[in-house]
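This is what each chain is made of:
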Amino acid sequence: GESKRMKKKQKKLTVNLTMCRYKVVADCCKAMGWTQTEHEMDWQLFWTDLSVGEERCMRLKRLQKINHFPGMQEIAHKCKLGRNLNRMRSKLPHFYNFHPETFNLPVDYKAFEKEFENNEGKGGGAKTYIVKPNDGACGNGIYLTRKP
């Protein structure tokens, strides 16, 4: 038989998509049976493509949710994530040893060059480096190299 949880009638959400340009999000909301609204404050879910400021979050009502949070770009943008992980690795190396050595170019070029030279001197063969441009998205512009 069905569990009690499955038998409960799912509550229909009201979602505001006025700041969302992706059709797939609207399609998913429709498939879920959620109601779309353009009302500024009468919704349970606000889906946005943009970053969200603290003031917006402070205005949220008790049961309202939003798909972003202040400062999210610090982990969503690969260059900023790499910089933050490197900072944490320098402070807590035993806890932040789970990610590859990361260089943000051109700022970290000297450190990258040093790492490359150190690796060559070990005689273990050239490492392969993943290069991801700062302005790339969805895998565009990423390539592999063995040279700095």
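The rules behind each value
Residues numbered from 1 in each chain as written. Predicted model: local features only at pLDDT ≥ 70, side-chain atom pairs only at ≥ 80, totals over all residues. Heavy atoms only, no water. Helix = DSSP H or I, 4+ residues; strand = E, 2+ residues; numbered from the N terminus. Buried < 20%, exposed > 50% of the residue type's maximum accessible area, 1.4 Å probe, protein only. Contact = heavy atoms within 4.5 Å. Expected span 1.5 Å × (residues − 1). Arc of directions from axis to C-beta.

## Focus: the environment of Glu115
Then comes step 1: Along the chain, the position of Glu115 falls in helix α6 (residues 109–121).
Then comes step 2: The partly exposed category is assigned to Glu115, whose relative accessible area is 21%.
Then comes step 3: Considering only alpha carbons, one finds Glu115 and Glu101, 14 residues apart in sequence, at a separation of 9.1 Å.
Then comes step 4: Glu115 has contacts with Phe103, Lys127 and Tyr129, leaving out every residue within four places of it along the chain.

## Notes on helix α5 (residues 78–91)
Then comes step 1: Under the 1.5 Å per step criterion, the end-to-end length of α5 is 20 Å for 14 residues, consistent within 8% with the ideal 20 Å.
Then comes step 2: Every buried residue of α5 is accounted for by Gly82, Leu85 and Arg89. Across the axial projection of α5, the buried residues extend over an arc of 65°, all falling on one side. Turned more than 90 degrees from where α5 packs its buried face, Ser90 and Lys91 sit exposed.

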